[in-house]
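Structural features, examined
Below, each chain spelled out in residue letters.
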Amino acid sequence: MKIPLTLRLAFHGFRSAVRAAILFFCAWLVFIPATAEEQVALGASAEDRYPVGLRSMRTARAVVAIAPDRFYVLVAGMIGDGISPLFVRVAMTQLATGAGKPATMQTDSGGQSNRDIEGPRFIQVD
């Protein structure tokens, strides 16, 4: 049984549109610098184009915008007992506003450690 040409064209057109949307979403996450509103929400300086927490904030914004209620139930089930879907929804909403930015470790020398470690700097399994 061969599918008619019109249905094949419709299928391939839909598949191409979905692929383009996914590609655009990934490019928006990775390559587009932060807007002024995103920099303010993340507490970043004006010259920081990709502040810490930008990609997770954008992903959470997309999830809050398009995810159905069943998504939060599934995520709560994957996390484990004791986590309610309401808590997952609140956490995603907080992350989407920029309030859940990850904490950064500050050192005295501006990000570089002044410790000198003797020997190898990795763990070797025997």
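The rules behind these values
Residues numbered from 1 in each chain as written. Predicted model: local features only at pLDDT ≥ 70, side-chain atom pairs only at ≥ 80, totals over all residues. Heavy atoms only, no water. Helix = DSSP H or I, 4+ residues; strand = E, 2+ residues; numbered from the N terminus. Areas by Shrake-Rupley, 256 points an atom, 1.4 Å probe, with all protein chains shown as cover. Axes fitted to C-alpha atoms, helices over the stretch in contact; angles between N-to-C directions. Parallel < 35°, antiparallel > 145°, perpendicular 65-115°, else oblique. Left-handed = near helix turned anticlockwise from the far one by under 90°. Contact = heavy atoms within 4.5 Å. Nonpolar A, V, L, I, M, F, W, Y, C, P; charged D, E, K, R; others polar. Salt bridge = Lys/Arg side-chain N within 4 Å of Asp/Glu carboxyl O. Buried < 20%, exposed > 50% of the residue type's maximum accessible area, 1.4 Å probe, protein only. Patch = residues over 30% accessible without salt bridge, like charges linked within 9 Å, V, L, I, M, F, W, Y side chains within 5 Å. Polar contact = N/O pair within 3.5 Å; in protein donor to acceptor, adjacent residues only side chain to side chain.

**Regarding the overall build of the protein**
When its secondary structure is counted, the protein shows 5 helices and 0 strands. Going from N to C terminus, the protein has its helices and strands arranged as α-α-α-α-α. Approximately 10200 Å² of the protein is accessible, and the part contributed by carbon and sulfur atoms is 65%.

**Overview of the packing of helix α3 (residues 54-66) against helix α5 (residues 85-97)**
Remark: α3 packs on α5, axes separated minimally by 7 Å, with the N-to-C direction vectors making an angle of 130 degrees. As the angle between them shows, α3 and α5 are arranged oblique. Regarding α3 and α5, the two cross each other, and that crossing is left-handed. In this structure, α3 contributes S56, M57, A60, R61, V63 and V64 to the contact, and α5 contributes M92, T93, L95, A96 and T97. Of the residues that constitute the contact of α3 with α5, the class distribution is 7 nonpolar, 3 polar and 1 charged.

**Considering the pattern of salt bridges**
Summed over the entire model, instances satisfying the criterion amount to 3 salt bridges. Note that R61 and E38 form a salt bridge whose closest N and O atoms lie 2.7 Å from each other. With R61 in helix α3 and E38 in helix α2 (residues 36-42), the pair connects residues that are 23 residues apart, well separated along the chain. In this structure R61 comes out as partly exposed when scored by relative accessible area, which is 34%. Here E38 falls in the buried class, since its relative accessible area comes to 4%. A salt bridge links D69 to R89, with the nearest nitrogen and oxygen atoms 2.4 Å apart. Of the two residues, D69 is situated in helix α4 (residues 69-79) and R89 in helix α5; the sequence distance between them amounts to 20 residues. Residue class for D69 comes out exposed when judged on its relative accessible area of 52%. Since its relative accessible area comes to 32%, R89 is described here as partly exposed. Residues joined by salt bridges that share partners form a network here, namely E38, R58 and R61.

**A word on a nonpolar patch on the surface**
Together, F14, V18 and I22 make up an exposed nonpolar region whose accessible area comes to about 300 Å². Locating I22 in the fold gives a position in helix α1 (residues 5-30). Take I22: its relative accessible area is 52%, and that puts it in the exposed class.

**Some details on the environment of R55**
Within the secondary structure, R55 sits in helix α3. For the pair formed by R55 and I32, sequence separation is 23 residues and the distance between their alpha carbons is 10.0 Å. Not counting chain neighbours up to four residues away, the residues in contact with R55 comprise L29, V30 and Y50. A distance of 3.3 Å separates a polar side-chain atom of R55 from the backbone oxygen of L29.

**Considerations on the packing of α1 against α3**
Put simply, α1 and α3 touch, their axes get as near as 9 Å, and they point 145 degrees apart. Mapping the contact onto sequence places F25, W28, L29 and V30 in α1 and R55, R58, T59, R61 and A62 in α3. Counted by class, the contact of α1 with α3 contains 5 nonpolar, 1 polar and 3 charged residues.

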